[in-house]
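A closer look at the structure
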Amino acid sequence: MTSAVCDACSATINKGGGYAFYSSAQMMGMTVGNMFLCEACTSSMVNEKAFSKRFAPTAVSPGDMAAMREAMNAANAAGIAERCRAHGLSADEGKAKARELARLYWRDPQGGGEAIKKFWTSPAAKAAGSSQASAKSPRSRERRWWEFWK
Ligand SMILES: [Zn+2]
């Protein structure tokens, strides 16, 4: 794999770059989950201003793709902010963590993807009461990833 695509704007992210976040936003009954973002989207979606804003869903007319994308990005920005706050991270700290997770992803796309989800959804997610993430993974695997972080 030599590049990735930004989950918010579809820009190309060169190998080694990007930010690995997790959005707890719900869309069509499903959690958005892992989001790989480019530099520009990270700056516009993950900052103190966005973090302090209260998310208010807006009505979008079907077929208005630009408005739809904007509404989705706003929901995801709020979903990402929620995950950062659950870990007690400021916007800058969340960005630093997402960079670290992105580097892990480039080293191991498959395992990295799981580790990204695991970090953002646990253990603070349990306190927030919004995830059942770690229940499925075998214990040995869990420990292996956990050690990886230290
Ligand atoms: Zn982007």
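Above this text sits the structure in question.
As a starting point, this report considers the structure included with it. (Residues numbered from 1 in each chain as written. Predicted model: local features only at pLDDT ≥ 70, side-chain atom pairs only at ≥ 80, totals over all residues.)

**Let's talk about the overall build of the protein**
The secondary structure content of the protein amounts to 7 helices and 4 strands. Start at the N end of the protein and walk to the C end: the helices and strands fall as β-β-β-β-α-α-α-α-α-α-α. The burial tally for the protein puts 33% of its 150 residues in the buried class. Expressed as a percentage of contacts within the protein between residues at least 6 apart in sequence, the contacts between residues at least 24 apart total 58%. (Helix = DSSP H or I, 4+ residues; strand = E, 2+ residues; numbered from the N terminus. Buried ≥ 20, exposed ≤ 12 C-beta atoms within 10 Å, placed from the backbone. Contact = placed C-beta atoms within 7 Å.)

**Thoughts on unusual backbone geometry**
Generally, phi is negative for residues other than glycine and the peptide bonds are trans, each holding for most cases. One non-glycine residue, S10, adopts positive backbone phi at about 70°. Along the chain, the position of S10 falls in the loop between β1 (3–5) and β2 (12–14). Notably, M28 is not glycine yet its phi reads approximately 50°, a positive angle. Structurally, M28 is set in the loop between β3 (19–27) and β4 (30–37).

**Regarding the pairing of β4**
The sheet contact formed by β3 and β4 spans 7 bridges and is antiparallel. Paired with A20 across the strands is F36, a residue of β4. The turn linking β3 back onto β4 is made up of 2 residues, and M28 within it adopts a positive phi angle of 50°. (Pairing = 2+ DSSP bridges.)

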